[in-house]
Every structure is written in structure tokens, then in C-alpha cells.
Amino acid sequence: MECAGKGRGTRCIGPARRRCGRCGAVAYCSVSHQISHWSDHKGECERLEQQMKCVDVLNNFPFTFSEEATVQVCEKQETRCSFLSKRGIHGVGMWMCECSCGLSSSAASFERARSKDDGWDLPRILCPCYGPSSPISKDLCGWKDYYEWRSIPLHSPIALLLHWPLTIYYAAQVAGLRSFSSEISRKLCIHYLGPEQELLQLPVFGELRALVPGVQVHMEIIGPEIPPNRDGEKIYLCSYAHCTDSDCICKSPSEELDHSVGTVRSSAVTLHLHKGFYHDCFRDIIKDSFPHLIIAPNAGIAAYSSWSSTIELIKEINVPAVFSDYCEEACHLAASCITTLTGCPLSVPIQLNPFRQPMVVEDSALFLPCYSNCFLFGM
């Protein structure tokens, strides 16, 4: 962890081992850096103190590997690499960007992932490689509900990838699209903003076929990280991501994942890629696809000035928009930015996402555990 007072006039004298005595969420290399940083930290200290009291809630998952993926990773007894290696999925397929050693340039990784089999690299018993045995009878409230519905054992690591489509599913609920209206009973249009890591894991969005059965899901995926050569590409998810069992029904010809550009065959989920910022691309995109829902995972609104124009646009078009971030503090800062820009309070208050990724982010900026898609809020 970096010293919270780094860059404040003098160089850090060593590791950041001196934690704030009140909140315990930030650390410093020295007393002098702690003192010099207080003018900035005093406004957030009480908030962070309250957030630190919720650590046990943040780390509460139903999986057999929960302590390993939360407390032990935080305390550096385990790493993401070791976790994945124990399960035979380190550095392969969609798992290759789940640890820092698996990341290179996004564009190069995107092309490598595209050229490989779009599967789970797991046996059938551990992954949802074809449709559910029964439709959803009630709203899923968390990972345990999902795993039971899909008949997946709680030692399966698939939640590390499925937090992307499950967060969309939950965002639709909190945005008021819980029961689809007649307008979107056949087609649900989602504008998905600022993708990064999930660009290497696109097959997992095929699970939306099970989560919103009978609905054609069309996702416009917009962001500067999309490689230039894939700008405008359409991907038709005609099946679920495959398992490794050679005799599984997910290998039948009708269950292919089609990356071709052209006519939609019988696709339930269509992904349309756009390189650029939403406020620059919006007018062209809505010619064919006006959104029912806007979602921006791990948005970092307070960290990037480019969000200002997008927030103003979202207010103008008056479409439900749900954002997520890695920790509650990032959401608090984002909410402040949104209310300043729009003059309106959040329509969806900051809340814990029950479908957050169940493995902590390594080397986060705070002692507060951070998870991908950890908290949600909306306008």
C-alpha cells in the first residue's frame, strides 16, 4: 500500500506502515506525511471509520473458498495467482486477466482471448455451460440463490467472472426494471459504459439468456479501451460459455458462439462494440438503439474528468443509469460529483451489490477491502 501522503513535498522514507489511529483505512510512511495529509484526510476520516466497521459484511460470501479469497488475500497469505493456480485456471482463457501477471496491453490480450476457445476451462459440474433446468421462480438475492438455481457447487470459482452479467441483472432490479414492461418484453437494450477487463471475458454475458429468459438482450458496449480494429463489431452470443467435457451438450453445433459480423441467427444476446466516450458516440448509437438502462461498472466517476459530459447527457435523456465501484468511498465521491453536476440527489442510493466479485482487489489504495462491482448507485 502506498503512503497516503505521497508527493506532499518530501519523499517517502519507507513502507506505509503507520495507519490512521481513527479510521485505520489509510497508512503513512512517517509522522510528517501523516500530519501534512491531515488537511485532506480530515474530511473523509469519519466516513472511512464507519466503512471500516463493515469489513465483515463486505467479506461475507457463501463460498467454501471465501476466507481464502478475502481475508487471506488481504493479509497476503494468498494471492490471486495462487488461488487460480490451485484450481487449474491460472493464465488461461477468460481467467488470464484475473491476476496482475496475466495482463499485458488490452488490445493484445483481447486478440489472444478472441482466438482461443470461448469456454470456462472447467468441467460441466462447475460451470453453467447450457440453459437452466428451470426458469427463475423469484428474484435472485445473492450468490447462494444463483448457485442453487444453476445447480453449481459452492466451491466453483465461476462467480469471479459471472459478477459481470449478475451485476447487470441486479442493476435492472434496483433501477425499477424488475418486471419488464410491455415495451421491453421482447427486447432489452442496455448501454454498457467504460468496459476494460470484461472485454476479455465477453462470453460470460451469454448467461443473460438464462437471467432474462425470452428477452432479446442488446448491449451497446462503449469505451476508449475497445481496440480500433473492433470498433463497430457485433458479437452474437448464441450459446453459453463451454465447459471442458467433450461429451457435454454445450458442444453441439447449435450451441456455437458466433463472432461473425452479419445477420443475427437466433441470438438471445447481441454485443455491439464502440470505441470512444459515450457522450461522443451517443447520437450515432441511438439511431438504432435507444437504451432502457445505462450501466457503468467500476466507473471511477470522481477519478476521470471525461465523466462530466456523460453525466450531463444521462440527465438530459432521462434514462435509468446504474454505476458501480470498488468501494463505498469511491461511490461517495462519485455521488458528490453527480449531485454537483445535475443538482439532483441520487435516485438509487449507494448500496452493497450482492453479486460483487468474491475476491478482494490486491494492493488497493485503502485497508478497506475492495471488490470489483462492490457497491451500486444510480441516477
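Here, every reference points to the structure presented above.
Residues numbered from 1 in each chain as written. Predicted model: local features only at pLDDT ≥ 70, side-chain atom pairs only at ≥ 80, totals over all residues. Heavy atoms only, no water.

Draft legend 1. How the structure looks around helix 1 (residues 31–52). Helix length check: helix 1, at 22 residues, gives a terminal C-alpha distance of 22 Å against a target of 32 Å (1.5 Å per residue), a shortfall beyond 12%. By the largest-angle criterion, His41 marks the main kink of helix 1, which is about 70°. When we look at burial in helix 1, the residues that qualify are His33, His37, His41, Glu44, Cys45, Leu48, Gln51 and Met52. The inward-facing, buried residues of helix 1 abut strand 1 (18–19), strand 2 (27–28), helix 2 (55–58) and helix 12 (328–342). (Helix = DSSP H or I, 4+ residues; strand = E, 2+ residues; numbered from the N terminus. Expected span 1.5 Å × (residues − 1). Bend = angle between axes of the 7 residues up to and from the residue. Buried < 20%, exposed > 50% of the residue type's maximum accessible area, 1.4 Å probe, protein only. Contact = heavy atoms within 4.5 Å.)

Draft legend 2. Region of interest: the pattern of salt bridges. Under the counting rule described, the total for this entry stands at eleven salt bridges. With a closest N to O distance of 3.0 Å, Arg87 and Glu68 form a salt bridge. Highlighted residues: Arg87 in the loop between helix 5 (80–86) and helix 6 (106–115) and Glu68 in helix 3 (residues 66–69), separated in sequence by 19 residues. Exposure remark for Arg87: the relative accessible area of 24% places this residue in the partly exposed category. In this structure, Glu78 engages Lys86 in a salt bridge whose closest nitrogen and oxygen atoms are separated by 2.3 Å. The exposure class assigned to Glu78 is buried, which follows from its relative accessible area of 10%. (Salt bridge = Lys/Arg side-chain N within 4 Å of Asp/Glu carboxyl O.)

Draft legend 3. Here's a closer look at the pairing of strand 10 (residues 375–378). Residues Phe375 and Phe377 point to one face of strand 10 and Leu376 and Gly378 to the other, with burial holding for every one of them. One ladder, built from four bridges, connects strand 8 (residues 321–325) with strand 10; its direction is antiparallel. Residue pairing in the sheet places Val322 in a bridge with Gly378 of strand 10. Alignment of strand 9 (residues 348–352) against strand 10, held across three bridges, turns out to be antiparallel. Bridge pairing in strand 10 places Val348 opposite Gly378. (Pairing = 2+ DSSP bridges.)

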